[in-house]
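Observations on chain architecture
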Amino acid sequence: MTTIARTPENLRSSARSVAHVATEFEERPMAQDYAPNPNLKIWLDGKLVPTAEAKISVFSHGLLYGDGIFEGIRVYGGRIFECRAHMERFALGLQAIRLEIPWTMDQIVDAMNDCIRANNTVDGYIRLVAARGPGTLGIHPFRCVAPNVFIICDKIQMYGPEMYETGMKIVTASTIRNHPNALSPQLKSLNYLNNILAKIEAIDAGCLEAVMLNHEGYVAECSGDNLFIVQGGRLRTPATHCGLLNGVTRRLVLKMAQKRGIPAEETTLTRIDLYYADEMFITGTGAEVCPIIDIDNRPVGDGKPGPFTRQLIADFRAHIKSGEEML
Ligand SMILES: Cc1ncc(COP(=O)(O)O)c(C=O)c1O
């Protein structure tokens, strides 16, 4: 048997081949295209500044320890999508990690709208971050000076447009989702290493998303999306007690199913349920609603996006167009 030495050069070349697999699916294949947009106006601690001036300290506990929370929010037609639901989750997150910021939620919404206007954003994506401020090198959170709050208003394209027509392949990751009593997946914290490790497994397998199981072996969610299946005309998704982020898009899809009279349940799912599913799709602010047609090299249903998935995608797009808040 030949063994490959884990020399720095071998590791670098294996990283290169992994990067190659990933970029085949990416919209922007050139490494230099991944640089941040230099022409943005970023809202940072109360001021709109150009990208180059949007800097925070290397002593930020948000950076040193992932001590902070965030929201990813869509802008459609110049409007903040499902603003109330995102702000509620953000406020709960601040409370959960005992991070006090010097802005009310209404002021943050005003700041996001300022940012949308300053960047002439019609359709885009907002990243709202509250990070524990610069502090000592110990983890003590209350020995930090003022927190940093910033808002980036940019674009996002998670998957190519064709994936919404033809569907996507995913795999199950061996990395399990965080134990809810360690770091609850319901908290959208700045510590995403758990998800990133699963994402790496997806990329290694030539996919863009991976299913994560929980500490008990039940299905939780994907690395950055929630997961739904359709079985015998019923919509099924893991319940929040299975250890997942209660996604805004997930909640919208459950509401839209209810409106359509599609029976839906929040339940416990095992991996075999995924293999027996007639249809499958993922939901997320970045991903929106995207069909899954293959999991772990097993076709989902007939290997094409099914009728329930297509209906819910159409309903989701109609809801975006309506400009209304549903949650
Ligand atoms: C781990 C994880 N699960 C699910 C979701 C979907 O949540 P939402 O629909 O609120 O964007 C996200 C974020 O987008 C996420 O990071």
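A brief look at the structure comes next. (Residues numbered from 1 in each chain as written. Predicted model: local features only at pLDDT ≥ 70, side-chain atom pairs only at ≥ 80, totals over all residues.)

**Considering the pairing of strand E8 (residues 210-213)**
- The alternating pattern of E8 places Ala-210 and Met-212 on one face and Val-211 and Leu-213 on the opposite face, and all of these are buried.
- Relative to E8, strand E7 (residues 168-172) runs parallel, the two being bridged by 2 bridges. Directly across from Thr-172, in E8, lies its bridge partner Val-211.
- Once you follow E7 into helix H6 (residues 193-204) and on to E8, the crossover reads as right-handed. (Buried ≥ 20, exposed ≤ 12 C-beta atoms within 10 Å, placed from the backbone. Helix = DSSP H or I, 4+ residues; strand = E, 2+ residues; numbered from the N terminus. Pairing = 2+ DSSP bridges. Right-handed = clockwise from strand over helix to strand, strands pointing away.)

**Observations regarding the site of the ligand**
- Of all residues adjacent to the ligand, which total 15 residues, the nearest are Gly-247, Val-248, Thr-249, Gly-284 and Thr-285.
- Broken down by secondary-structure element, the contributors of at least two residues to the shell around the ligand are helix H7 (248-260) and strand E13 (279-284).
- Looking at the shell around the ligand element by element, the count peaks at 3 residues for H7.
- When its residues are assigned to classes, the shell around the ligand shows 2 nonpolar, 10 polar and 3 charged. (Near = placed C-beta within 6 Å. Nonpolar A, V, L, I, M, F, W, Y, C, P; charged D, E, K, R; others polar.)

**Observations concerning the sheet that holds strand E5 (residues 124-131)**
- Ordered in space as E2-E1-E6-E5-E3-E4, the 6 strands form an open sheet in which the pairing is antiparallel. The open sheet has two free edges, formed respectively by strand E2 (47-50) and strand E4 (79-80), since each of these has just one partner strand.
- Alignment of strand E3 (residues 68-76) against E5, held across 8 bridges, turns out to be antiparallel. Counterpart to Ile-69 in the pairing with E5 is Ala-130.

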